[in-house]
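Each chain, letter by letter, is given below.
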Amino acid sequence: MIPLAVYVHIPFCTVKCGYCDFNTYAGLDPLKPAYAAALLREIDAWSPALARSRVTSISFGGGTPGEFPAEAIAATIEAIAARAVLQPGAEISIEANPGTTMGGYLRDLHRAGVNRVSFGAQSFDAEELRFLDRIHSPEAIGASLEAARDAGIPSVGLDLIYGLPAQTVAAWERSLARAIALRPDHLSCYCLTVEEGTPLAARVASHQTFEADPDVAAEMYELAEERLGEAGFEHYEISNWARPNHESRHNLAYWTDRDYLGIGAGAHGYLGPALLAAVEGVAAGQLRYENIAHPRAYIQEAGAIQVSPAGLPSTVTSHYLPGGTMAISDWLETALRLVEGFDPGAFRARFGCDLGAAVGPVMADAASAGLLEATPGRVRLTPRGRLLHGELCARLLAHLWAAEGR
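These remarks concern the structure in this document. The residue count restarts for each chain, going from 1 along the sequence in the order it is written. Reporting of local features is limited, given that this is a predicted model, to residues whose pLDDT is at least 70; pairs of side-chain atoms are given and counted only at 80 or more, and all residues count toward the totals for whole chains, interfaces and linings. In computing side-chain values, all of the structure's heavy atoms are included and hydrogens and water are not.

**Regarding the overall build of the protein chain**
Okay, so step 1: The secondary structure listing takes helices from DSSP runs of H or I that are at least 4 residues long and strands from runs of E that are at least 2 residues long, numbered from the N terminus. A tally of helices and strands in the protein chain yields 17 helices and 16 strands.
Okay, so step 2: Our radius of gyration is a C-alpha quantity, and the globule rule it is checked against amounts to 2.2 Å times the number of residues to the power 0.38. Radius of gyration (C-alpha) of the protein chain: 21 Å, near the 22 Å computed for a compact globule of 406 residues.
Okay, so step 3: Each principal axis of the C-alpha distribution contributes one length, and for the protein chain these read about 55 × 55 × 45 Å.
Okay, so step 4: Looking at the protein chain as a whole, 53% of its 406 residues qualify as buried.
Okay, so step 5: Here, two residues are considered to be in contact whenever any of their heavy atoms come within 4.5 Å of each other. For the protein chain, the proportion of contacts with a sequence separation of at least 24, taken over those separated by at least 6, is 72%. A simple rule labels every residue: compare its accessible area, found with a 1.4 Å probe on the protein chains alone, to the largest value its type can have, and call it buried under 20%, exposed over 50%, or partly exposed in between.

**With respect to the pattern of salt bridges**
Okay, so step 1: Put simply, a salt bridge is a Lys or Arg side-chain nitrogen that is within 4 Å of an Asp or Glu carboxyl oxygen. Scanning the model with the defined rule gives 16 salt bridges in all.
Okay, so step 2: A salt bridge links R149 to E146; its shortest N-O distance comes to 3.8 Å. Placement of the pair is R149 and E146 together in helix α6 (residues 138-150), with a separation of three residues, close to one helical turn.
Okay, so step 3: Residue classification places R149 among the partly exposed residues on the basis of a relative accessible area of 29%.
Okay, so step 4: Among the residues examined, E146 registers a relative accessible area of 40% and is labelled partly exposed.
Okay, so step 5: Between R227 and E230 there is a salt bridge; the shortest N-O distance is 3.8 Å. With R227 and E230 both in helix α9 (residues 214-230) and three residues apart, the pair spans about one turn of that helix.
Okay, so step 6: Overall, the relative accessible area of 25% leaves R227 in the partly exposed class.

**Quick look at the environment of I305**
Okay, so step 1: Locating I305 in the fold gives a position in the loop between α12 (295-303) and β14 (316-320).
Okay, so step 2: Between the C-alpha atom of I305 and that of G163, which follows or precedes it by 142 residues, the distance is 43 Å.
Okay, so step 3: Setting aside chain neighbours within four positions, we find I305 in contact with R41, E42, A45, P313, S314 and T315.

**Details of the nonpolar core**
Okay, so step 1: As used here, the term nonpolar core means buried Ala, Val, Leu, Ile, Met, Phe, Trp, Tyr and Cys residues forming a set that is joined through side-chain atoms within 4.5 Å. The biggest cluster of nonpolar side chains holds 98 residues, and the ones touching the most others in it are W46, L332 and F342.
Okay, so step 2: Counting nine residues, the second largest nonpolar core, distinct from the first, contains C17, C20, L132 and L200.

**Digging into unusual backbone geometry**
Okay, so step 1: Here G62 and G63 are connected by a cis peptide whose omega angle stands at 20 degrees.
Okay, so step 2: The phi dihedral of Q122 is positive, around 70 degrees, even though this residue is not glycine.

**A word on the packing of helix α1 (residues 32-45) against α12**
Okay, so step 1: In this analysis an axis means a line fitted to C-alpha atoms, helices contributing only their contacting stretch, and an angle means the value between N-to-C directions, from 0 to 180 degrees. Viewed as axis vectors pointing N to C, α1 and α12 meet at an angle of 50 degrees, and their least axial separation amounts to 9 Å. Considering the angle they form, α1 stands oblique to α12. Considering only the axes of α1 and α12, their crossing is left-handed. Taking contact as the criterion, the partners of A34, Y35, A38, L39, R41 and E42 in α1 are, on α12, P295, Y298, I299, A302 and G303.
Okay, so step 2: The residue makeup of the contact of α1 with α12, split by class, is eight nonpolar, one polar and two charged. Roughly parallel means an angle under 35 degrees; roughly antiparallel, over 145; roughly perpendicular, 65 to 115; everything else is oblique. Each helix crossing is assigned a hand: it is left-handed if the near helix lies turned anticlockwise from the far helix by less than a right angle, otherwise right-handed if that turn is clockwise. Gly counts as polar in this scheme, as do all residues outside two lists: the nonpolar Ala, Val, Leu, Ile, Met, Phe, Trp, Tyr, Cys and Pro, and the charged Asp, Glu, Lys and Arg.

**Some words on the environment of T382**
Okay, so step 1: Among the secondary structure elements, T382 is positioned in the loop between β16 (378-381) and α16 (383-387).
Okay, so step 2: A relative accessible area of 10% places T382 in the buried class.

**Quick look at the side chain of T64**
Okay, so step 1: By secondary structure assignment, the location of T64 is in the loop between β4 (53-62) and α3 (70-83).
Okay, so step 2: Contact partners of T64, with chain neighbours within four places excluded, come to I10, F12, C13 and N97.

**A word on the side chain of R134**
Okay, so step 1: Note on placement: R134 falls in the loop between α5 (126-131) and α6.
Okay, so step 2: His residues and chain termini do not enter the charge count, which takes Lys and Arg as positive and Asp and Glu as negative. Despite its burial, R134 pairs with no opposite charge; the closest candidate is D159, at 7.7 Å N-O.
Okay, so step 3: Whenever two N or O atoms come within 3.5 Å, that pair is a polar contact, provided that in protein one can donate a hydrogen and the other can accept it, and provided that, for residues adjacent in sequence, both atoms are side-chain atoms. In terms of polar contacts, R134 uses its side chain to reach the backbone carbonyl oxygen of G120, at 3.0 Å.
Okay, so step 4: Sequence-distant contacts of R134, defined by excluding residues within four places in its chain, comprise C17, Y19, N97, G120, Q122 and L129.

**Structural notes on α12**
Okay, so step 1: Among all positions in α12, only P295, Y298, I299 and A302 are buried. One face of α12 carries all of its buried residues, which in axial projection span an arc of 100 degrees.
Okay, so step 2: Lining the buried residues of α12 we find β2 (12-13), β3 (25-26), α1, β11 (260-263) and β13 (287-291). The directions considered for the arc are those from the helix axis to the C-beta atoms.

**Comments concerning the packing of aromatic side chains**
Okay, so step 1: Here the aromatic set is Phe, Tyr and Trp, taking the six-membered ring for Trp, and pairing holds for ring centres within 6.5 Å; pairs whose planes are under 30 degrees apart are stacked, those over 60 apart are edge-to-face, and all others are tilted. Tallying each qualifying case throughout the model produces 15 aromatic pairs.
Okay, so step 2: The interplanar angle of 85 degrees and the centroid separation of 5.2 Å between the aromatic rings of F12 and Y35 together place this pair among those described as edge-to-face. Of this pair, F12 sits in strand β2 while Y35 sits in helix α1, placing them 23 residues apart in sequence.
Okay, so step 3: Judged by its relative accessible area of 0%, Y35 is buried.

**As for the environment of A151**
Okay, so step 1: Tracing the backbone shows A151 in the loop between α6 and β7 (155-162).
Okay, so step 2: Every residue in contact with A151, bar those within four places of it in the chain, is listed here: L106, R107 and H110.

**Brief notes about the state of the cysteines**
Okay, so step 1: Criterion for a disulfide: a pair of cysteine sulfur atoms within 2.5 Å. As enumerated under the stated definition, the model contains zero disulfides in all.
Okay, so step 2: Counting only cysteine sulfurs, C393 is the nearest neighbor of C353, a cysteine outside any disulfide, at a range of 17 Å.
Okay, so step 3: With a relative accessible area of 25%, C353 lands in the partly exposed category.
Okay, so step 4: C393 takes part in no disulfide bond, and the closest cysteine sulfur, belonging to C191, lies 16 Å away.
Okay, so step 5: Judged by its relative accessible area of 8%, C393 is buried.

See the structure below:
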């Protein structure tokens, strides 16, 4: 049995936030029953791969999966478990909004097997929530977290956003303090990014608002490291902190080069050689794929789902086998997100060459600049290096491309 993480995308939202560039849609709630049925048909189409798998985690993301019918969540979990070995104690997680995910619904989720919930708190400041187009109040965050605990869900987390245009360090510190006071099991802290094509990007372009000062955002990140460390959280990934034994096992699959199946509209998947053996017609290696994005088109295709000559469900709209350069770049980008870093021996085992031979000059420059710590058994970013993860990864990719003659 091959360890496998399963991601299920639920693309529906009550309101789509202006900063969001995920594959999400507001005003399509009437499609939910048909979408739930489409998920089951896609899962069935992946039966050959699932039959070889030991599912270690199932993650419902979106969108707002915490507003999808609990019976549809339960049916999806049951369909996966019927086609694969569901590891005892597998992490089954769901993202939810404060204020709209309460009592009875959370108990139904827990009975279905959900054992982890993450609430998109984002801020404890009412004005900041309005700027972010969030529809909950600061008070709803604590109420929803307590409701999840009362429902018996054993791991409850919060997501926060910092680096808003007018946000002060003091305001961010207040949000951190209120989050810590609720004693969540996990905290994710993300810097607001102005993504191309979003309403927020249009507001920035028309000077209705502005991007935050990156130096102030860096100060906020360092403050989160300090305050969360003092509160007993372990910083295990660039943007994630956890109480002991509450790390996101599903996300760790992404960061440690493990296979994951993506189900639903716009979902992405990544399958390694062992699982690809169950997908006839696909060459050996690693396969990355993406599903049809719009839920209506996804539902229509899933209604008469076929297996393509490449052995993939017809809900897959594009796929490719990452070449050496992109595979190495992807591997390093995710491995360097982990605070503990990675073992160079694991790189050698994966790619058949030494790390120094592949990207030695860039790694040496980063170490000299104080961004990287490299020992015989471990390579990891320093606290300063974590602030520049994206820039370092861009340099690594440029070096790999240059070595390829691009």
